[in-house]
Amino acid sequence: MQEFDFVKAKSLDHACTMLAGKRGRAKVIAGGTDLMIGLRNHRLSEEVDTIMDISGVGELAYIREEGELIRIGAGTTHAELALSSILWEAAPVLSMAAKSIGSPQIRNRGTIGGNIITSAPCADTVPALLVLDAALLLRRGESVRQVQIADFFEGPYRVKAAEDELLLEISFRRLRDGAKSLFDKLTRRNALAKARMNIAVIALQDKNKVVKDLRISLGSTTPIPCRFTDAERLFLGKVPRREDFLKAGQIISSEMVEKSGYRWSTDYKKPVVEALTAAALKRVLKAE
Amino acid sequence: MKKIRVSLRVNGRIFTLETDPNRRLIDVLREDLNFTGVKEGCGIGECGACTVLMNGKPVNSCLVLIGQAEGSEVVTIEGLKGKNGELHPLQEAFIEAGAVQCGYCIPGMILSAEALLQNNPHPTEDLIKEAISGNLCRCTGYRQIIDAVKIASKKIARKE
Amino acid sequence: MSYKVITRPLKRIDAREKVTGEAKFGADLNFSGQLYAKTVYSRYPHARVLSINTEKAEALHGVEAVITAADVPGENELFGRFPVFAEKEVKYTGDGVAMVAATSKSIAEKAASLVEVEYEELPAVLTIEEALAHGAALVHTDAPGNFIENTHHLMRAGDVERGFEEADIILEKTYRTQFVEHGYIEPEVVIALPEPYRRGVEIHGSIQNPYSIRENVARALNLRISEVRVIPGNLGGSFGGKDESVMLMAARTAITALKTGRPVKMVLTREESILESAKRHSYKAKYKIGARKGGTIVALENTIYTQGGAYNNKARFANWRASVHAAGPYRIPNVKTDLYGVYTNTIYGGAFRGFSAPQVVFCNESLMDELAAELGISPKEIRLKNCLKPGDELVTGQVLRPGKIPAPLKQMIEEVCSRSDFDRKREEFSAGNSGDEPVKRGIGLACTFRGTGLGGEGIDTAGATVTIEKDGSVNIVSNLNEMGQGMRTAHAQIVAETLGISYGRITFSPTDTSVVPDGGPTVASRGTLAGGNAMLIAAQKLKERLLMEAGKILNCSWEGLVIEDEIIQYRGKEKLSITFDELIPRCIMERGLTLSAQGWYNPGPEELDPETGRGNAYPSYIYGCAVAEIRVNTLTGKLDVDRITAAYELGRVINPQIVKGQLMGGLIQGMGYGIMEDTETKEGYLITRNFDELMLPTSLDIPEIDIILYETDQNIGPYGAKGIGEIGVELSAPAIANALFHATGRRVRELPMNLERVLLGRALKR
């Protein structure tokens, strides 16, 4: 285990003041489900001399409904997300993603903020938040900024945030009436498993089956998690055709290969990305 | 590395200690407080042998820094027995169902089951499987453990 | 025959301590003044060690010792050529080159990173193919061809050439299995302390086989065997695994304990455990089988290479076991089998539940289905036609004489198939699979048989001491070891049954090498068979002693006395009786008798012909048959097992609850081996380092399980019991492979059947 000093943030202000004071020499711990493994494996950067615990900051743990807007504190645990009736009603895609994570023990500690900040390629809440077009609220010292989640990632395990910046909140609009959503995940076993790949989809069709809105995101697919807008455009404003489900999958798999290169796993991932996409679209979209 | 002062309640007793901040909850429970029923299997939260209840919820004590446990209420397997040494219904049920083989996963397994029964005294089989899905057992294949949780659920219902 | 104690699902003798957390495992023990030890492992799969500089590590405050091969007082090479410390050369990444001992875990960790080792990399052989290639680098320069010493075992029955001439159909297939980690949840622990009262060393820890470890530690320390005392604690699972690496840990810590005069504790991290401990041998098996059109098998030839890794002391035994079972539970007149162990610069093979059977049975039973498909008959039919029946001759030449060795396999196949509705589901699933739905269902069958005990592998002795105390409590101690399998409970039931007393009287003491003499290792499902027989013999001696004394007290001939329900009574004469509680104090306090007896079971050696491998390989055999039902997503390769129906013949069931627990646990371990678990390496380095990569089955992965137990009489074990520890693990993988073929029409001949293999038919290498 690496060595460090430990401070416990008493409040949000306290946390931000301390972070600002440490000028990048402090690392935040929330649920610890990722960071503790990093500490065990000596992966903490040598710059860092202090671990600041925000797990006790109650101000960061909430799920609120404000009109059309859903606001989630970054310190909310996966278990809290998975149990929230507000979420199951407003954005089941996120509830399903949270419920699928690791194990009860992991879900009781791991937080949505941590999932985003660690930004593992297989992070389950990330594709869900991408299709929800979530906005992130960050604070550095006294200044606060908002950024779209789609603009937040730099690469695997890298985000565009300063070392002394704290993620406060994730917000998004609730699903529109009649919208369907889905989260699916392929794993090597049925619990305690990282996603080999995961997929989140939101779809809205009018009564004539014309697609008004479609958002697709897959995890463990591209270096920077993203929505697949080319595939989405295939359906927008049209009545879906069955053959387009697989076509959408092929568009996504080509994009994957283009962005990630042909890797050891591509022989497997390419057909599976196509199949997962087609299967998910088939479930959320009514075709001709 | 500055030592920190931590107070926490374990199995109903308050402990205050000064310790290095890079120790985990499991280290303090096992080494300082002698609750050796908390077992270490992997150190990365993947086996659940170190499961304890923290503020009523099962967590992997290998993934909690001791400083994070400040002010919390922790229950280990040692905290389940009654005042006069009588076994908890889950402990009785694990014995009756033959759910114990090597026994190494059992403390964590029982605590995960306890958290389930606290919230849902009459869980379905699927909920039982879900509740213990973070606890690996290499001996039993889980079947007799699931049976034990069902038996415990009935025992608790009878007592109430 | 009606029994009072055996055949009942009594509570485990050690369950209470385990559910309360009071049971101590190795890591829970601490001794005053103890040091914490950590091994410095090799950085390369194969390299020359140029220099080891321990100065920086030794200079660290709190470091009490840094030891290397130079500090080994006795022999540095232990059984199977495992070095206590690699000296001139490292042969795989788990080799230890040094060990540090310090006053805290964190200092030990830091000190280990300060030991500087200079290496010169050497070419490494990492696979069976590389090891056997012409001109391959040698793992051990004195093991030509990289063949492991004493691992070529063979079986020759009939004339295999003539057999193939008679065949209408000949199939040739190659199967492969992976290295498999035991995945016991407790990582290895050893604590060595200088003997407090005499010269020598005392060793505690998660030790499966205390006697062989004692012998090896004595060799390394240049002590006499009697100067080493080994007391295994509660083991958090072992399955064959807590052996070679624990032997090395014991030697290293014992050396340091005697050098520093302090207790030395070593607890492995999970990563170290996976790196340094044995694995189930990886197999490459080439099979050729010939059959007549009607389905009668006429010849089988197989050549099997078992990957042994850098050092090995188990392939010499496991390959022999495989040679007896490599033709499966079938009557095949012409058989030619050869097995070879192969050295590689990789993690090494050892004992893992089944001891060659999980590999051999996967190959054999896959092959049977392939043959059935080729012949156009059902998997059930080909097995019913060829399976061993009463009166048949085994490949070893042994005849399955009714009353000697039972042969109920045909009946078991029929019952398992009818209980699982095999024929109907085969048709129903096939019909359902013809549509576009990506999820297909399949059902598959597999059979096995298993020689009981060690057989020709070694002398199958075991010892027990049973002691009746003056308060009527009865303590048992075996020289075989409890690892979770429930052996002590079975022993207690056997002793209580034999003495006619209640089970609650029995207590146990842990195995201790200085208390009971060496009876060999706790392996080969022999805990109940050999260990139980020793208990039975000891209890019978005591019973006889008690009856003789009772006879004197009651003034009657002791031959007419029986003990039942704790009352010693003359048959048919109620008045002529004395209770157990009355008798015991009189024996001990009035007559000065010892009510302690030792039981020693020795079935004698099995005779085998080295030219053909034939002979009395095992005194008896047990049988199993299972049907697995699966669902597989043909677009992703995700496979789930819905249901397993299995039958096992195991002589007499001593405790049905424990027996089912062993079988179900085995089936799930077998399922993990079949579809999930792998220990992947890249260029000789382990990629599977911890449980996040190992993929042991969770509670959400398990199928419904339905088990049928068959009991038979006239078996060699206590009350007719045989061993059941291992057979449970054997059938899942082949039954699932056969179900997968049924579902998809695709045969996977390599394990595990993970996402990639199921979808693409091959694994992907990172």
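None of the values given here were measured: they were computed from a predicted structure.

## Points about the nonpolar core
One finds L25 and F94 of chain B together with I203 of chain C to be the most contacted residues of the largest nonpolar core, which totals 239 residues. Broken down by element, the residue count for this core peaks at 10 residues, all from helix α10 (residues 357–375) of chain C. The contact partners of L25 of chain B, leaving out residues within four places of it in the chain, are L8, V52, M54, S61, V64, L65, I66, A69 and V74 of chain B. Within the second largest apolar cluster, 46 residues are counted, among which are I13, V474, L480 and I568 of chain C.

## Some words on α10 of chain C
Residues and elements named next belong to chain C. The terminal C-alpha atoms of α10 lie 26 Å apart, and with 19 residues this matches the ideal 27 Å at 1.5 Å per residue to within 8%. Taken across its 19 residues, α10 has 17 buried, putting it largely inside the fold. Once α10 ends, the next one or two residues include G376, with phi positive near 75°.

## As for the environment of F6 of chain A
Structurally, the position occupied by F6 of chain A is in strand β1 (residues 5–8). Along the backbone, F6 of chain A and K27 of chain A are 21 residues apart, and their C-alpha atoms lie at a distance of 9.7 Å.

## Points about the interface of chain C and chain B
On the side of chain B, 46 residues touch chain C, which itself brings 49 residues to the contact. Taken together, both faces of the contact between chain C and chain B bury some 3,900 Å²; the carbon and sulfur share is 57%. Three residues, V19, I185 and S699 of chain C, lead the burial of chain C against chain B; their summed loss comes to 17% of the area buried on that side. Seen at the junction of chain C and chain B, the total is six salt bridges. Inspection of the region where chain C meets chain B yields 27 residue pairs in polar contact (both at pLDDT 80 or more). Elements represented by at least two residues in the side of chain C that touches chain B include exactly α1 (15–20), α17 (656–675) and α18 (691–694) of chain C. In terms of residue count, α17 of chain C provides more of the side of chain C that touches chain B than any other element does, eight residues in total. Residues belonging to the side of chain C that touches chain B are distributed by class as follows: 19 nonpolar, 15 polar and 15 charged.

## What to know about the domain arrangement of chain B
Residue and element names in this part refer to chain B. Segmenting chain B into domains produces domain 1 (4–79) and domain 2 (89–159). In this complex, domain 1 contributes 15 residues to the contact, which on the side of domain 2 involves 12 residues. Buried area between domain 1 and domain 2, summed over both chains or domains, comes out near 1,100 Å², and the portion from carbon and sulfur atoms is 65%. At the junction of domain 1 and domain 2, the tally comes to zero salt bridges. Linking domain 1 with domain 2 are five residue pairs in polar contact (both at pLDDT 80 or more). Its residues assigned to classes, the side of domain 1 that touches domain 2 comprises seven nonpolar, five polar and three charged.

## Observations concerning the domain arrangement of chain C
Residue and element names in this part refer to chain C. In terms of domain boundaries, chain C breaks down into domain 1 (15–22 + 461–601), domain 2 (31–122 + 197–274) and domain 3 (279–455 + 609–760). Inter-centroid distance (C-alpha atoms) of domain 2 to domain 3 is 37 Å. Every contact between the two is made by 24 residues of domain 2 and, on the other side, 28 residues of domain 3. When domain 2 packs against domain 3, close to 2,200 Å² is buried across both sides, 57% of that on carbon and sulfur atoms.

## Describing the sheet that holds strand β3 (residues 50–53) of chain A
Residues and elements named next belong to chain A. Ordered in space as β1-β3-β2, the three strands form an open sheet in which the pairing is parallel. If you trace the sheet from one side to the other, it starts and ends with β1 and β2 (26–29), each paired once. Between one strand axis and the next, the sheet turns by 25° as a mean value, whatever way the strands run. Across four bridges, β2 lies against β3 in parallel orientation.

## Topic: helix α15 (residues 527–554) of chain C
Compared with an ideal rise of 1.5 Å per residue, which puts 28 residues at 40 Å, α15 of chain C spans 38 Å between its outermost C-alpha atoms and is within 8% of the ideal. Trailing α15 of chain C by a residue or two, N555 of chain C shows a phi angle of about 60°, which is positive.

## Overview of the sheet that holds strand β2 (residues 13–19) of chain B
Residues and elements named next belong to chain B. Taken in spatial order, the five strands line up as β2-β1-β5-β3-β4 in an open sheet, and their pairing is mixed. The sheet is open, and its two borders are formed by β2 and β4 (57–60), each paired with just one other strand. Ignoring which end each strand starts from, the neighbouring axes of this sheet average 40° apart. Of the pairings in the sheet, the one linking strand β1 (residues 4–10) to β2 comprises seven bridges and is antiparallel in character. Across the sheet, residue S7 finds its bridge partner in β2, namely T16.

## So, the state of the cysteines
Taken as a whole and judged by the stated rule, the model has zero disulfides over all chains. Cysteine C447 of chain C remains unbridged, with the sulfur of C625 of chain C as its closest cysteine sulfur at 4.1 Å.

## A look at the side chain of E272 of chain C
All names here are of chain C. Within the element layout of this structure, E272 appears in helix α8 (residues 270–276). Residue E272 is classed as buried on the basis of its relative accessible area, which comes to 9%. Of note is the side chain of E272, whose polar atom sits 2.6 Å from the side chain of K38. Residues contacting E272, with those up to four places away along its chain left out, are K38, Y41 and V267.

What counts, and where the lines are drawn
- Residues numbered from 1 in each chain as written.
- Chains lettered and ligands numbered in written order.
- Predicted model: local features only at pLDDT ≥ 70, side-chain atom pairs only at ≥ 80, totals over all residues.
- Heavy atoms only, no water.
- Core = buried A, V, L, I, M, F, W, Y, C linked by side-chain atoms within 4.5 Å.
- Buried < 20%, exposed > 50% of the residue type's maximum accessible area, 1.4 Å probe, protein only.
- Helix = DSSP H or I, 4+ residues; strand = E, 2+ residues; numbered from the N terminus.
- Contact = heavy atoms within 4.5 Å.
- Expected span 1.5 Å × (residues − 1).
- Buried area = accessible area lost by both parts, 1.4 Å probe.
- Salt bridge = Lys/Arg side-chain N within 4 Å of Asp/Glu carboxyl O.
- Polar contact = N/O pair within 3.5 Å; in protein donor to acceptor, adjacent residues only side chain to side chain.
- Nonpolar A, V, L, I, M, F, W, Y, C, P; charged D, E, K, R; others polar.
- Domains from an automatic or database assignment.
- Pairing = 2+ DSSP bridges.
- Axes fitted to C-alpha atoms, helices over the stretch in contact; angles between N-to-C directions.
- Disulfide = S-S within 2.5 Å.

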